[in-house]
Amino acid sequence: DQQVKQNSPSLSVQEGRISILNCDYTNSMFDYFLWYKKYPAEGPTFLISISSIKDKNEDGRFTVFLNKSAKHLSLHIVPSQPGDSAVYFCAASITGANNLFFGTGTRLTVIP
Amino acid sequence: GAGVSQSPSNKVTEKGKDVELRCDPISGHTALYWYRQSLGQGLEFLIYFQGNSAPDKSGLPSDRFSAERTGGSVSTLTIQRTQQEDSAVYLCASSPLSGVGNTIYFGEGSWLTVV
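The following refers to the structure shown. (Residues numbered from 1 in each chain as written. Chains lettered and ligands numbered in written order. Predicted model: local features only at pLDDT ≥ 70, side-chain atom pairs only at ≥ 80, totals over all residues. Heavy atoms only, no water.)

Between chain B and chain A, the residue contacts involve 20 residues of the former and 19 residues of the latter. Carbon and sulfur atoms make up 58% of the surface buried where chain B meets chain A, a total of about 1,600 Å² over both sides. For the pair chain B and chain A, the number of links is zero salt bridges. Connecting chain B to chain A are two residue pairs in polar contact (both at pLDDT 80 or more). When residues of the side of chain B that touches chain A are traced back to their parent elements, those giving at least two are β4 (31-37) and β5 (43-50) of chain B. For the side of chain B that touches chain A, the class distribution of residues is 10 nonpolar, eight polar and two charged. (Contact = heavy atoms within 4.5 Å. Buried area = accessible area lost by both parts, 1.4 Å probe. Salt bridge = Lys/Arg side-chain N within 4 Å of Asp/Glu carboxyl O. Polar contact = N/O pair within 3.5 Å; in protein donor to acceptor, adjacent residues only side chain to side chain. Helix = DSSP H or I, 4+ residues; strand = E, 2+ residues; numbered from the N terminus. Nonpolar A, V, L, I, M, F, W, Y, C, P; charged D, E, K, R; others polar.)

Attention now moves to the packing of aromatic side chains. Under the definition given, this model contains 12 aromatic pairs over all chains. A centroid spacing of 5.5 Å and a plane angle of 50° characterise the contact between Phe30 of chain A and Phe101 of chain A, whose relative ring orientation is tilted. Taken together, the positions of Phe30 of chain A in the loop between β3 (19-25) and β4 (32-38) and Phe101 of chain A in strand β10 (residues 101-102) put the pair 71 residues apart, joining distant regions of the chain. Taken together, the ring pairs connect Tyr36, Phe46 and Phe102 of chain A together with Tyr33, Tyr35, Phe45, Tyr48 and Phe106 of chain B into an aromatic cluster. (Phe/Tyr/Trp six-rings, centres within 6.5 Å; stacked < 30°, edge-to-face > 60°.)

All names here are of chain A. If you trace the five strands from one edge of the open sheet to the other, you get β1-β3-β8-β7-β6, paired in antiparallel fashion. Either end of the sheet is taken by a strand with one partner, and the two such strands are β1 (4-5) and β6 (56-59). Bridge count for β6 against strand β7 (residues 62-67) is four bridges, and the pairing is antiparallel. Its bridge partner lying in β7, Lys56 is registered against Phe65. (Pairing = 2+ DSSP bridges.)

Turning our attention to the pairing of β5 of chain B. Residue and element names in this part refer to chain B. β5 sits mainly inside the fold: seven of its eight residues count as buried. The pairing of β4 with β5 spans seven bridges and is classified as antiparallel. Note on β5: the bridge partner recorded for Gln37 is Leu43. As consecutive antiparallel partners, β4 and β5 are separated by five residues, and within that stretch Gly40 has a phi angle of approximately 75°, a positive value. (Buried < 20%, exposed > 50% of the residue type's maximum accessible area, 1.4 Å probe, protein only.)

Residues and elements named next belong to chain A. Applying the stated rule across the entire model yields two disulfides over all chains. Through a disulfide, Cys23 is tied to Cys90; the S-S separation comes to 2.0 Å. Here the disulfide of Cys23 and Cys90 is left-handed, its torsion about the S-S bond being about -70°. Linking Cys23 in strand β3 with Cys90 in strand β9 (residues 86-93), this pair joins segments that are 67 residues apart in sequence. (Disulfide = S-S within 2.5 Å.)

This brings us to the nonpolar core. Soluble globular proteins: nonpolar side chains tend toward being buried together. Core analysis: the biggest nonpolar cluster contains 23 residues, and Phe33, Trp35, Leu73, Leu75 and Tyr88 of chain A have the highest contact counts within it. The element contributing the most residues to this core is β9 of chain A, with four residues. If sequence neighbours within four positions are ignored, Leu73 of chain A has contacts with Leu21, Asn22, Cys23, Tyr25, Phe33, Trp35, Val64, Phe65, Leu66 and Cys90 of chain A. Counting residues in each nonpolar core, the second largest holds 20 residues, with Leu21, Ile26, Trp34 and Ile79 of chain B among its members. (Core = buried A, V, L, I, M, F, W, Y, C linked by side-chain atoms within 4.5 Å.)

Sheet strands line up and pair through hydrogen bonds in the backbone, either parallel or antiparallel. Residues and elements named next belong to chain B. One open sheet holds the four strands; their spatial order is β1-β3-β7-β6, and the pairing between them is antiparallel. Looking at which strands have only one partner, the edges of the open sheet turn out to be β1 (5-7) and β6 (65-69). Recorded for the sheet is a direction-independent mean angle of 15° between the axes of neighbouring strands. Here β1 pairs with strand β3 (residues 19-24) via three bridges, running antiparallel. Following the sheet pairing, Gln6 is matched in β3 by Cys23. (Axes fitted to C-alpha atoms, helices over the stretch in contact; angles between N-to-C directions.)

A word on the pattern of salt bridges. Residue and element names in this part refer to chain B. For the coordinates displayed, the defined rule picks out four salt bridges over all chains. Asp24 is the salt-bridge partner of Arg22, the closest N and O atoms lying 3.9 Å from each other. You can call Arg22 partly exposed: its relative accessible area is 39%. Owing to a relative accessible area of 28%, Asp24 belongs among the partly exposed residues under this scheme.

Put into C-alpha cells, the structure is as follows:
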C-alpha cells in the first residue's frame, strides 16, 4: 500500500521556466515531509523539507508547499536549470518514527 | 570521507548464493537505515538501527534478509540464498539523533544483480 504517491513518472520543462513536482499522501499522521534528488548511479540527496506546522518553505530556487487538508505537497523550482535534471523523490514521516515513506519518484528533464 | 560509504558498489551473484553488503555511516550519526529500490519502484524501507536499541526489522521482506550493526557504527546487510527478485539497489542512510524531523543522508548504494 503506497502511502506516498507521485503520479507523474516524468516531467519535461524548458530551461528558465518553473518546474512543479507533485506528491500526494494518504496517512494523516505524517507531520514531516522531504524532497530528495537523485542523479543516476548516485544515492538520493536531501533537497528541502517542511514541517506540518508550515505551509511553505523556501530555499533559493526551491520552494515546497504543503496543503494538509488535501494531503498534497509540491516542489517548485524557479528558474529551472539543466543541472536540475534528475529523479525527485517525495518522502514523508511521523516525528519519532523510524521510517521515511518514499514515493516512486518523478524524472525531471530540463531542456536547454 | 564525510558521507555514507557503501561497498561493494556493484555485485553480480548467482541465484542461491549469499551476499553481504556493507555500510559505513557518517561519523557521529546514531541512526542507520537500509532501503532498497527495485526497478521502477520507490525506496522500500528494510531495517533501522538506533544506538543500542533493538533494530526495527519491520521492512525486511523475508527471513533470508538480516542485518547487524557492530559497535554502533558499521552495518552489514546479508541476503541468503539470493533470488532474482532480490536484484535492486540497496541504499544505506544515516542520520543524527534528532527529535524534530527525520532527514536522512544516503550513500551511493550497492547495485545487486542476481543471475
